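# Coordinate inspection notes
These are the residues of each chain, in order.
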Amino acid sequence: VNYNGSSGQTIFTSPTYNNLIFSTTGQATISTTPLIVTGNLTISSGVNLVTSGTKSYVFNIAGNWTNNGGTFTNTNSTVIFNGSSSQTIGGTQASTFYNLTISNTFGNVLLSTATTVNNQLSFTNGMINATAISLTIGAGAPAIIGASSSSYVITGDGDRKSTRLNSSHITI
């Protein structure tokens, strides 16, 4: 589904989407939760994808996340990468998440663009591959939750990061 209207659009979370593209001019507002995407989610240039109000939203993404120049305003939201094959966070624009959960049964979410987690990075299954791109965990993040010997961040120097190093933000 491609939301490509000439003005702002309201996005409902029913039905479940296969591939979801936001190419509308201006703002696309998610009005209910959870948003389930069984394929890829793409935010095109000039789009401001926002969640309405202050409630906590959940985005279940089974494919890739591509931000090609838009913004994602996601107060209190959790994006869950729950694919069964390798997934990518990429595009031409850096992505910022409030809460990010890795629950990939295949094992890898590859970062191909700079990524920031402002609140909580959680693992239930799988790894983040940040060997070539920075992953910043903001100062507001309480910890890396659920990391283990099979769920962690792979860094460029081959290290495995599974805990916060200190109370300030960290860039991996």
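Residues numbered from 1 in each chain as written. Predicted model: local features only at pLDDT ≥ 70, side-chain atom pairs only at ≥ 80, totals over all residues. Heavy atoms only, no water.

Another aspect to go through is the environment of Val 117. One can find Val 117 in strand E14 (residues 115–130). Measuring from C-alpha to C-alpha, the distance between Val 117 and Phe 97 comes to 4.9 Å, with 20 residues separating the pair along the chain. If we skip the residues at most four places from it in the chain, Val 117 touches Phe 97, Tyr 98, Leu 100, Leu 135, Thr 136, Ile 137 and Gly 138. (Helix = DSSP H or I, 4+ residues; strand = E, 2+ residues; numbered from the N terminus. Contact = heavy atoms within 4.5 Å.)

Moving on, we get to the sheet that holds strand E2 (residues 9–11). Pairing within the open sheet is parallel, and its four strands lie in the order E2-E4-E7-E10. Looking at strand neighbours, the two that pair on one side only are E2 and strand E10 (71–73), the edges of this open sheet. Here the average twist between neighbouring strands, direction ignored, is 20 degrees. Of the strand pairs in this sheet, E2 and strand E4 (residues 26–30) are connected by three bridges, and their pairing is parallel. What sits directly across from Ile 11, in E4, is Ile 30. (Pairing = 2+ DSSP bridges. Axes fitted to C-alpha atoms, helices over the stretch in contact; angles between N-to-C directions.)

Okay, the nonpolar core next. Phe 22, Trp 65, Phe 81, Leu 100, Leu 121 and Ile 128 are the most contacted members of the largest nonpolar core, which totals 35 residues. If we ignore the near neighbours within four places in the chain, the residues touching Trp 65 are Leu 41, Ile 43, Phe 72, Val 79, Phe 81, Thr 88, Ile 89, Gly 90, Ser 95 and Phe 97. (Core = buried A, V, L, I, M, F, W, Y, C linked by side-chain atoms within 4.5 Å. Buried < 20%, exposed > 50% of the residue type's maximum accessible area, 1.4 Å probe, protein only.)

Moving on, we come to the confidence of the model for the protein chain. Residues with a pLDDT of 70 or more make up 88% of the protein chain, whose mean pLDDT is 86. Considering only residues more than four positions removed or in separate chains, one finds that residues 164–169, a stretch of pLDDT under 50, has 15 contacts. (pLDDT = per-residue confidence, 0-100.)

Another point: unusual backbone geometry. Here the residue pair Ser 14 and Pro 15 is connected by a cis peptide bond, since its omega of 15 degrees sits within 30 degrees of zero. Cis peptide bonds are those with omega within 30 degrees of zero, and the linkage from Thr 33 to Pro 34 qualifies with 0 degrees.

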